[in-house]
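# Architecture and fold: a report
The lines below spell out each chain.
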Amino acid sequence: KCNFSIYFLLEVERKIRANDREYNLSFKYATNSIKTSKYNPFTFLPLNLFEQFQRIANAYFLFLLILQVIPAISSLSWFTTVVPLVLVLSVTAAKDAIDDIVSTHIHSLFIFLSFFPLLRGDDLGDIIKLENNQFVTADLLLLSSSEPLNLVYIETAELDGETNLKVKQALTVTGDMGENLEALAEFNGEVCCEPPNNRLDRFTGTLTFNSQKYSLDNERVLLRGCTLRNTDWCFGLVLFAGNKFRQMCGVCSGIFGLLALMCIILAVGNGIWENHAGSKFKAFLPREENTVFSAFLTFWSYIIILNTVVPISLYVSMEVIRLGNSYYINWDRTMYHAGSDTPAEARTTTLNEELGQIKYIFSDKTGTLTQNIMTFNKCSINGKSYGDVIDHYSGQSLEITEEMTPVDFSFNRLADPKFLFYDHSLVEGVKLELPDVHAFFRLLALCHTVMAEEKREGDLVYQAQSPDEGALVTAARNFGFVFRSRSPETVTIEEMGIQRTYELLAILDFNNVRKRMSVIVRNPEGKLSLYCKGADTIIYERLHPSCSEVMKVTTEHLNEFAGEGLRTLVLAYKDLDEEYFSEWKQRHHESSVALEDREEKLEKLYEEIEKDMMLIGATAVEDKLQDGVTQTLEQLAKAEIKIWVLTGDKQETAENIGYSCNLLREEMNEVFVVAANSPEEVRQELRDARLKMCPDTEQDKFLIPEIILGNTPKVVQDENVNGEYGLVINGHSLAFALESNMELEFLRTACICKTVICCRVTPLQKAQVVELVKKYKKAVTLAIGDGANDVSMIKAAHIGVGISGQEGMQAVLSSDFSFAQFRFLQRLLLVHGRWSYLRMCKFLRYFFYKNFTFTFVHFWYAFFCGFSAQTVYDEGYITLYNLVYTALPVLGMSLFDQDVNAGWSLEYPQLYVPGQLSQYFSKRAFMMCALHSWYSSLVLFFVPYAAIYDTARDNGKDGTDYQSFALITETCLTVTVCVQLGLDLSYWTVVNHLFVWGSLGMFFILTFTMYTDGLYRLRPSSFAFIGTARNCLNQPNVWLTVALTAILCVLPVVVYRFLSSQISPTINEKVCQMKEPAPRPRRTRLTRRSTRRSGYAFSHAHGYGDLMTSGRYLRRNALTCSTGLIPTGRSPGFKPTGRSAGYSPVGREQNPKQKVEPTSLQVFRAVKDSFF
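Only a predicted model underlies this, so the values are computations on that prediction, with no experimental measurement involved.

So, about a nonpolar patch on the surface. Where nonpolar side chains cluster on the molecular surface, the patch consists of Leu261, Ile265, Phe863, Phe864 and Phe942 and spans about 450 Å² of accessible area. When you line up the elements, Ile265 lands in helix 9 (residues 256–276).

Here is the structure:
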């Protein structure tokens, strides 16, 4: 239900009175009021500046500006700090304003579309009207609807990921109001119910109306987030409302310690110098008699001069780089999905580089890995397998291709033209009226809970709670056994053109324990039969001993089907004695109305009648994976990324998908299954699995103390293991495993495994698993999903990815990145993520290098100027160094650099591993950068110093002066940092050339301009270096000094890189040395033999059979059935080849080359087991 605050946790019960706002507001319950904007025109400037100065760097430079207005401290003009600070604040403010405007527009549009159905408002107790296909904006008590018996049909994809339709029904006392607005306005019923909570599967409350009290349960409530379907209108009473938010925070680290250390050293040096040599300079400088106070002032003076060690432009440059890399994702055409017209979208600009460091991926299954499309592929009937394509000459199975001729169903006017099957022998068996084949499809047409609607004659619309059932009923329809309609007492089908009505006597409903469902029917001739379908292990236990031979053959077929990752189902039947059934039905009725132990009594009756059944055969349905899922998972695994699948599906279904996409493989050493029912058993199974993988592991040596962003100082270290293992754990066991006294045992065992699949998990458990890994592993996590049930997981991970699929937009709106297909994830990580991380690391290394080098030169100069806080550069150069001379080249590198192109990044996923290990920017890399800067600053100071010491110009005048030395040092520094950037660049573009050479040209143009006579006359104090450029830069020895300095600065880097590439080359260097990437191995279709059989995934909710037989589900009377078959003999063009029937519950075309019209079967919805 709606999110709740601490206030709600203290709430014991909630009371709501219809149409009485004053009464409801007295309780101060939350409403749906949402503020989508952070600023308005009046508050933008003060609020934005307040937020910006909360950044330590901005506050630091504001503090510097205050220091610079103190004459006794500052030796620099105020504009050297004001200009960069104002520029940074302006750029950041503009970005924040744009983000707020765009965010407000998007959220306002979404909220408008969501809240449009409100009739009165969104306060508790209001009565609102919803219309078909509209979004439920708050938890509602259903009052009335347009459908018979006050039913409504809702889709809960936004809540639990299930796209099937569910049925809700209003109380009769409220349903009688219908759409009478006067009656609704006068309705004054009072609801007393439980407070808001996160349980989606239950609701407890009462309605008091006209002095009568009525019980309320989950069947009377429409939850916020679901969508009204196939219902013209309904009215509801608002029970719960509220908003939700996501808070993200970042932590930045500084290097102020280095700055303080240097300033302290120089301040101490000033004190010593004042004591020993200060008296000699009284004629030139006023001397402070108190040397301690002089050192104190010098400390703050050097705080100002050396401020570039913490560059203010670093932050705005990082924002520009992140923004640019985000646009690359948005503009990537290869991540555009034409089918849904959906491009990839970077919804945040702050996490691009983290995409290059992912170690754990947590993925949903349905709609994320799969397409929500079921296809009827194969079947086994009385020991004979159908569906394979058989070569006429070799007798071997062939792979199905689009060029093969499918079965011609034109003899059946009611057939679905999108249904594809290639085994002509099966349709021939139907036409030849083989008894077993007819019994097979008759069972599929009768044993289900599908609802049929015929809007016009021959136009059938099926509503299936289970996508598997939809595929199977559609298969029976095409093979001549067409389900036409049902009533509470009958099921009408057409068998080879002949309409037959079966009396429906009982539905033995499905639940997670039974794993089967049965129907008991009487055919028109009066014969009683039980038809049953379910998981093979369950059905086999209830077969008649005479079926042993057929069961062996069918088991072989099931193994083959499971080896291909298909979802299997076994079919059986039993003829019943009339006298026995009458007696059994009486006992069934007595048990169904019992007040105590009703479920247990019914289960015993079901077990009694569902025995000694006769085996008919088995079906094999494929839950189609999305395109490219298997290849994507293989690539991510090669990149040392661990995949955890967190799904609400049952264990068998989750395992099937795991094997289908090669997350689980028969070649693995072992796949551990944890399905215990007590904490002790779960702990033991986890420990046994871990000890089997790592027999020599020690209990207490797996934790290493380390603080990560303020989290617990314990990190679970990685444990090496020989071989590959998988882990499957169900939701019940996971609940125990996530307890505080067992979470480390679970984490250790799971992290050793190559693949982890958690099934039957709740949205809360998904988030808890992600939080557990974040808490104890030094790794970056990513969560990807497509439904509202994945939102908590997406928010819990470091990076959230939403797939805009069949389950709404909640996942996308809560994500950091979004796209339409799972396969785009490999490009997002291996290309964009790796490039972003590499570019950001290069940017940081180079940025610190150029600024440290710039600053350290000041440090060395202090020892030659009496620690007087005199600058070695002129003020104009200090102001423009980071803003003009070195800004664009590093931005060009950070936006366009590539060590390898996109194709090689995908070809060699191992290139991704250094990012996981933080090899490109770590403490070691930072220290190497600082050491290189220290060395370069020494060269940049002492080489020019020695070069001009006691020298003369060509005209004989003295060449040793402060201004000439400053200009030569500036020139050497500018050229050196550009040469260093050229060495760091791996991919030169026109833009890089323009930025590098343009920046060098700009340096010389501005230098000659600022050192001219005209500017000196305008402002002598700011442009004191008059004529220095033209007098100094025309000397050959100056240019020799510049070249020598640049060579000496980069020489250690060149030598180090050469030696390392020869002795221990990195994966990047190895790939770059290749002339062309190795061709990918050609994929062949593998047939995997397995002893593991996939279990059929029933998806309809327990108790749905009762709804079938009660008549409450009926919406409209079915049209008169008509014959849809044309009697014919053997189908022309008969070929003994096989496979497959496509069934799309979401309306996607299965074979674009088949020029057929879409059918009403597109309304089928694909779903998982109803977990809640």
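Another aspect to go through is the sheet that holds strand 11 (residues 233–240). Strand order in the open sheet formed by 4 strands is 2-11-3-9, and the pairing between neighbours is antiparallel. Looking at the sheet topology across the chains shown, the edges are occupied by strand 2 (127–131) and strand 9 (221–222). Direction of pairing for strand 2 relative to strand 11: antiparallel, over a ladder of 5 bridges. Bridge pairing in strand 11 places Glu131 opposite Trp233.

Judged by nonpolar contacts, the single largest core of 77 residues is most densely connected at Tyr302, Leu306, Phe843, Tyr873, Tyr877 and Leu973. Considering every element that reaches this core, the biggest residue donor is helix 27 (residues 824–862), with 15 residues. Leave out the neighbours within four places in its chain, and Phe843 touches Leu314, Ser317, Met318, Ile321, Val890, Met893 and Ser894. Ranked by size, the runner-up nonpolar core spans 51 residues in total, among them Leu414, Leu426, Ala445 and Ala475.

The terminal C-alpha atoms of helix 17 (residues 578–592) lie 21 Å apart, and with 15 residues this matches the ideal 21 Å at 1.5 Å per residue to within 8%. Of all the positions in helix 17, only Phe581, Trp584, His588 and Ser591 are classed as buried. Down the axis, helix 17 shows its buried residues gathered within 80 degrees of arc, on one side only. Each element contacted by the buried residues of helix 17 is listed here: strand 22 (498–508), strand 23 (516–522), strand 24 (528–534) and helix 18 (598–609). Measuring from the side-chain oxygen of the N-cap residue of helix 17 to the backbone nitrogen of Glu579 gives 3.1 Å; that N-cap residue is Asp577.

This part is about the packing of aromatic side chains. Scanning the entire structure with this criterion turns up 54 aromatic pairs. Here Phe854 and Tyr877 contribute two aromatic rings whose centre-to-centre distance is 6.2 Å and whose plane-to-plane angle is 25 degrees, an arrangement assigned as stacked. Here the residue Phe854 occupies a position in helix 27, and Tyr877 occupies one in helix 28 (residues 875–885), the gap between them amounting to 23 residues. Exposure class is identical for Phe854 and Tyr877. Each is buried. Judged by centre distance (5.2 Å) and plane angle (45 degrees), the rings of Phe864 and Phe941 are tilted.

Here we come to the packing of helix 17 against helix 18. At a minimum axis separation of 9 Å, helix 17 and helix 18 run at an interaxial angle of 165 degrees. In this view, helix 17 runs roughly antiparallel relative to helix 18, as classed from their interaxial angle. At the point where helix 17 passes helix 18, the crossing takes the left-handed sense. On the side of helix 17, the interface is formed by Tyr580, Phe581, Trp584, Arg587, His588, Ser591 and Ser592, while helix 18 contributes Arg598, Lys601, Leu602, Leu605, Tyr606, Glu608 and Ile609. In terms of residue class, the contact of helix 17 with helix 18 is built from 7 nonpolar, 3 polar and 4 charged.

Turning our eyes to something else, we now look at the pattern of salt bridges. This model, assessed by the stated rule, comprises 30 salt bridges. A salt bridge links Arg516 to Glu607; its shortest N-O distance comes to 3.2 Å. Pair noted here: Arg516 is in strand 23 and Glu607 is in helix 18, with a separation of 91 residues, a long-range link. By relative accessible area, which is 1% here, Arg516 ends up buried. Among the ionic pairs, Arg687 bridges to Glu745, the shortest N-O distance being 3.9 Å. In this pair, Arg687 sits in helix 21 (residues 679–693) while Glu745 sits in helix 23 (residues 743–752), placing the two residues 58 residues apart along the sequence. Counted as one network, the salt bridges with shared partners bring together Arg516, Glu541, Arg542, Glu607 and Glu610.

What follows concerns the confidence of the model for the protein. Parts of the model with low pLDDT should not have their predicted coordinates read in detail. Counting all residues, the mean pLDDT for the protein is 78, and 77% of those residues have values of 70 or more. Contacts for the low-pLDDT stretch residues 32–36, under 50 throughout, to residues beyond four places or in other chains number 16 contacts. Low pLDDT, under 50, characterises residues 1081–1092; the stretch is placed with 23 contacts to residues that sit more than four places away or in other chains.

Cut-offs applied
Residue numbers run consecutively from 1 along every chain, following the written order of its sequence. Reporting of local features is limited, given that this is a predicted model, to residues whose pLDDT is at least 70; pairs of side-chain atoms are given and counted only at 80 or more, and all residues count toward the totals for whole chains, interfaces and linings. Side-chain numbers here rest on the full set of heavy atoms in the structure, without hydrogens or water. Grouping into patches uses exposed residues only, defined as over 30% relative accessible area, and leaves out salt-bridged ones; the cut-off is 9 Å for like charges and 5 Å for nonpolar side chains (Val, Leu, Ile, Met, Phe, Trp, Tyr). Computed by Shrake-Rupley with a 1.4 Å probe, the accessible areas treat only the displayed protein chains as cover when residues are assessed. Every case where a carboxyl oxygen of Asp or Glu lies within 4 Å of a side-chain nitrogen of Lys or Arg is listed as a salt bridge. Put simply, DSSP marks the helices as runs of H or I at least four residues long and the strands as runs of E at least two long, and each gets a number from the N terminus on. When DSSP finds two or more bridges between two strands, those strands count as paired. Nine residue types can take part in a nonpolar core, namely buried Ala, Val, Leu, Ile, Met, Phe, Trp, Tyr and Cys, and a core is a set of them joined through side-chain atoms within 4.5 Å. A 1.4 Å probe rolled over the protein chains alone gives each residue an accessible area, and that area as a share of the maximum for its type sets the label: buried under 20%, exposed over 50%, partly exposed in between. Here, residues are in contact when the closest pair of their heavy atoms is within 4.5 Å. Multiplying one less than the number of residues by 1.5 Å gives the expected span of a helix. By arc we mean the arc of the directions from the helix axis to the C-beta atoms, nothing more. Definition of a polar contact: a pair of N or O atoms within 3.5 Å, with one able to donate and the other able to accept a hydrogen when the atoms are protein atoms, and with sequence-neighbouring residues admitted only if both atoms are side-chain atoms. The aromatic pairing rule takes the rings of Phe, Tyr and Trp, using the six-membered ring of Trp, and pairs them if the centres are within 6.5 Å, calling planes under 30 degrees apart stacked, those over 60 edge-to-face and the rest tilted. Under this scheme, a helix contributes an axis fitted over its contacting stretch, all axes are lines through C-alpha atoms, and angles between N-to-C directions fall in the 0 to 180 degree range. Here the angle decides the label: under 35 degrees means roughly parallel, over 145 means roughly antiparallel, 65 to 115 means roughly perpendicular, and every other value means oblique. By definition, turning the near helix anticlockwise from the far helix through less than a right angle yields a left-handed crossing, and turning it clockwise yields a right-handed one. As a working rule, the residues Ala, Val, Leu, Ile, Met, Phe, Trp, Tyr, Cys and Pro are called nonpolar, Asp, Glu, Lys and Arg charged, and the rest polar, with Gly in that last group. Per residue, pLDDT captures the predictor's confidence, and it can take any value from 0 to 100.

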